[in-house]
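So you can see what is in the structure, the chains are spelled out below.
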Amino acid sequence: MIPAIRIGHLTLETPDMERQIEYYTTIIGLIVAERTPGKAYLTTRAGQLALELNEGAHAGCSRISLEVSPDLSGADIVKGLGNEGIAASRASEPFPGVREAVTFSDNKGTSIDIFTGGGFIAANQQSIGVGPIKLGHVAFAVTSPQETATFFTRSLGFRVSDWIGDFFVFQRCNPDHHTLNFIKGERAELAHFAFELRDFSHLQTACDILGSRQIQLTRGPLRHGPGHNVAIYHKTPDGLILELFCEMDRMSSEELGFFDPKPWHRDFPQRPKIWTRENNGSTIWGIRI
Ligand SMILES: [Fe+2]
């Protein structure tokens, strides 16, 4: 097992590159750091790679990158994954700012790039639009959330933070409540992806920026049950569901085993658990669906 530490970036396929670049740079507030034919690399204001846009026939997420300890070599990572029966290969300069990655396919067919070094490809800079702090998490529909959660625990050390019933699992690889989540669906596909904002006032600013561009929220504002993040959702020009959130639960100490106490919690302490529709599984406040 090779412990993942954080999510790096998503690779999104798009049939309309220019429209996505306009949206991600002027509304979401990312910055184009590099462009090559058919590709664009977008960073947060802190200069970390957050999205790779690839020209493709259909909108969707084809790859995710995950960062691991800088003490691990490519050979270590290949060996560690091999111990779990996962065939991985080493790739040189897979994306800007990274000299080498180890690549494998997860159990649902998404390519995973394991890297070290922080993923910085640009200097800290200002942006227009929302300007998120970081890429926070990505959610996939999968045919078996149980099998996929087990895969990510065995391969990359992800822990289970919460379940909703037996159909939606949230997994963490650092103090953040979830970096990956998996909901039961008929096929494996992107469900949504999410950027973290600074605080509630930043979320309000995001609502107003979206409103000024006539982009309707599809859900929220609301406070979720699992993770307790305050969240809003809308669709990108490609029809992907993008979440903006703040105030997500954090587990500062794995030894203590509960999330840092917050006044909006209903459990004391708030430990990983199985939520149900009856105990407000998806929403503490805000319209439930
Ligand atoms: Fe989410």
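## What about the sheet that holds strand β3 (residues 39-43)?
Within the open sheet, the eight strands sit side by side as β2-β3-β4-β1-β5-β8-β7-β6. Their pairing is mixed. Each having just a single partner strand, β2 (31-36) and β6 (89-95) make up the two edges of the open sheet. On average, each strand axis in the sheet is tilted by 30 degrees relative to the strand beside it, whichever way the strands run. Inspection of the sheet shows strand β5 (residues 60-68) paired to strand β8 (residues 111-115) by five bridges, in the parallel sense. The residue bridging I64 from the neighbouring strand is I112, located in β8.

## Overview of the domain arrangement of the protein
For the protein, the assigned domains read domain 1 (4-115) and domain 2 (134-285). Measuring from the centre of the C-alpha atoms in domain 1 to the corresponding centre in domain 2 gives 20 Å. With 40 residues of domain 1 at the interface, the matching set in domain 2 holds 33 residues. Both sides of the domain 1 and domain 2 interface together cover about 2,800 Å² of buried area, and 72% of this is carbon and sulfur. Taken together, the connections running from domain 1 to domain 2 amount to one salt bridge. The salt bridge partner of R213 is E22, with a shortest N-O separation of 2.9 Å. Our enumeration of links across domain 1 and domain 2 arrives at eight residue pairs in polar contact (both at pLDDT 80 or more).

## Topic: the coordination of the iron ion
Those donors, H137 (NE2), H192 (NE2) and E243 (OE), are the protein atoms that reach the iron ion, and they lie 2.0 to 2.1 Å from it. Along the chain, the residues donating to the iron ion are arranged with the sequence spacing H-x54-H-x50-E. Of the two residues, H137 sits in strand β9 (residues 134-142) while E243 sits in strand β16 (residues 241-246), which places them 106 residues apart along the sequence.

Definitions and cut-offs
Residues numbered from 1 in each chain as written. Predicted model: local features only at pLDDT ≥ 70, side-chain atom pairs only at ≥ 80, totals over all residues. Heavy atoms only, no water. Pairing = 2+ DSSP bridges. Helix = DSSP H or I, 4+ residues; strand = E, 2+ residues; numbered from the N terminus. Axes fitted to C-alpha atoms, helices over the stretch in contact; angles between N-to-C directions. Domains from an automatic or database assignment. Contact = heavy atoms within 4.5 Å. Buried area = accessible area lost by both parts, 1.4 Å probe. Salt bridge = Lys/Arg side-chain N within 4 Å of Asp/Glu carboxyl O. Polar contact = N/O pair within 3.5 Å; in protein donor to acceptor, adjacent residues only side chain to side chain. Donors = N, O, S within 2.8 Å, 3.2 Å for Na, K, Ca; no water.

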